[in-house]
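# What the coordinates show
Residue-level listing of the chains:
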Amino acid sequence: MSQVIELKSHPLVSHNLAILRSKDTDSQRFRESAQRLSSMVLMAATESLNTVEQSIETPMQRTTEMVFAEDIWFIPVLRAGLAMVDVGLSLLPDAHVGFVGLYRDEETLEPQYYYKNLPDYSTSAHSCFLMDPMLATGGSACAAIELLKSQGASDIRLLTLICAPEGIKEVFTKHPDIAIFTASVDERLNEIGYIVPGLGDAGDRYFGT
Ligand code: PRP
Ligand code: URA
């Protein structure tokens, strides 16, 4: 697939990115804008899912709507991925939730694994939405994708808010079958592995730490 869908050209996305990025935005407003942007990214990421026609009886007459054909799994990468999962559940209450715990070593920038709670995906039709607001070097995303694949996941979409080109390249080199949905592809990584212009540390800003 190796596809990046970037939503920034839409003014509603750009307006919310302005709030998210500003160093003057407090935790509450940061959380709110992250949630609004997550819902926009989720709208884009669900557009290509398989659907089936469902017959419904309204109070007026019988009609049909298209409903999702497969189990949908939201998998936030702890901690910052939690910013995206509640929004997902409010839009799609029937979805399931798995967890991957990773943090990035600040010296080496290597992902450090500490937790997973994932099912065996090989036995049922599924779509996995891996959620992490930041794709920087791509180390965390690749580690999470490898964990999902080792559990039998075959249909994985990566949902982020801000990506560095370096991280996108890393993901596509190791996992060309992934599609990435994001609010913004930023300029680059700086010398300490942060995305610029970016927003700083997503987990710290979201959780006020
Ligand atoms: C952030 C972010 C990603 C990772 C991205 O997490 O949420 O998981 O960094 O960086 P990478 O692409 O270079 O791997 P962090 O390590 O800060 O952990 P946290 O969410 O617990 O704060
Ligand atoms: N993680 C973040 O939270 N921000 C970055 O810019 C890079 C990694």
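Residues numbered from 1 in each chain as written. Chains lettered and ligands numbered in written order. Predicted model: local features only at pLDDT ≥ 70, side-chain atom pairs only at ≥ 80, totals over all residues. Heavy atoms only, no water.

### Observations concerning the environment of Thr160
For the record, the criterion: Helix and strand assignments follow DSSP, with helices taken as H or I runs no shorter than four residues and strands as E runs no shorter than two, numbered in order from the N terminus. Three labels apply to residues, based on accessible area from a 1.4 Å probe with only protein chains included: buried if under 20% of the type maximum, exposed if over 50%, partly exposed otherwise in between. The criterion used for residue contact is that any of the two residues' heavy atoms lie within 4.5 Å. Under this definition, polar contacts are N or O atom pairs within 3.5 Å; protein pairs additionally need one hydrogen-donor-capable and one acceptor-capable atom, and for neighbouring residues in sequence, both atoms have to be side-chain atoms.
Relative to the assigned elements, Thr160 resides in strand β10 (residues 156-163). Judged by relative accessible area, Thr160 falls into the buried class, the value being 1%. For the pair Thr160 and Ile19, spaced 141 residues apart in sequence, the C-alpha to C-alpha distance is 16 Å. Excluding anything up to four places from it in sequence, Thr160 contacts Val41, Met84, Asp132, Pro133, Leu135, Phe181, Thr182 and Ala183. At a separation of 2.9 Å, a polar atom in the side chain of Thr160 contacts the side chain of Thr182.

### Comments concerning the site of ligand 1
Rule in force here: The near set for a molecule or strand comprises every residue that places at least one heavy atom within 4 Å of it. The residue classification treats Ala, Val, Leu, Ile, Met, Phe, Trp, Tyr, Cys and Pro as nonpolar and Asp, Glu, Lys and Arg as charged. All others, Gly included, are polar.
The environment of ligand 1 is formed by 14 residues, the closest being Arg104, Asp132, Ala136, Thr137 and Ser140. Interatomic distance of 2.5 Å between a side-chain N/O atom of Asp132 and an oxygen atom of ligand 1. Sorting the residues of the shell around ligand 1 by element identifies β6 (99-104), β9 (134-135) and α4 (139-150) as the ones contributing at least two each. Looking at the shell around ligand 1 residue by residue, the classes come out as five nonpolar, five polar and four charged.

### Here we look at the packing of α4 against helix α5 (residues 165-174)
Rules: Axis definition: a line fitted to C-alpha atoms, limited for helices to the stretch in contact. Angles are taken between N-to-C directions and run from 0 to 180 degrees. These descriptions rest on fixed angle ranges, namely under 35 degrees for roughly parallel, over 145 for roughly antiparallel, 65 to 115 for roughly perpendicular, and the rest for oblique. The crossing is said to be left-handed when, going from far helix to near helix, the turn is anticlockwise and less than a right angle, and right-handed when the turn is clockwise.
Contact geometry for α4 and α5: axes closest at 9 Å, N-to-C directions at 30°. Comparing the axis directions of α4 and α5 gives the class roughly parallel. As for the relative orientation of α4 and α5, their crossing is right-handed in sense. Across from Ala141, Cys142, Ile145 and Glu146 in α4, the residues of α5 making contact are Glu170, Val171 and Lys174. Of the residues belonging to the contact of α4 with α5, the class tally is four nonpolar, no polar and three charged.

### Here we look at the side chain of His126
Inspection of the secondary structure assignment puts His126 in strand β8 (residues 126-131). Among the polar contacts listed, one links the side chain of His126 to the backbone oxygen of Ser124, at a separation of 2.9 Å. With sequence-adjacent residues up to four places away left out, His126 is seen in contact with Glu70, Asp71, Trp73, Tyr121, Gly152, Ala153, Ser154 and Asp155.

### Topic: the packing of helix α2 (residues 27-46) against helix α3 (residues 82-91)
Each pair of packed helices can be described by the angle between their axes along with the distance between the axes. One can describe the packing of α2 onto α3 by two numbers: an axis separation of 9 Å at closest approach and a directional angle of 60°. Our classification of the angle between α2 and α3 gives oblique. The hand of the α2/α3 crossing is right-handed. For the pair α2 and α3, the contacting residues are Gln35, Ser38, Ser39 and Leu42 in the first and Ala83, Met84, Val87, Gly88 and Leu91 in the second.

### Overview of the site of ligand 2
Quick note on the threshold: The Shrake-Rupley method, run with a 1.4 Å probe, gives the accessible areas here. Residue values count only the displayed protein chains as cover.
With respect to spatial proximity, the complete set of residues near ligand 2 consists of Arg104, Met134, Ala136, Gly193, Tyr194, Ile195, Gly200, Asp201 and Ala202. At a separation of 2.9 Å, an oxygen atom of ligand 2 approaches a polar backbone atom of Ile195. Gly200 is positioned such that a nitrogen or oxygen atom in its backbone is 2.8 Å from a nitrogen atom of ligand 2. Within the complex, 88% of the 240 Å² of free accessible area of ligand 2 lies under protein.

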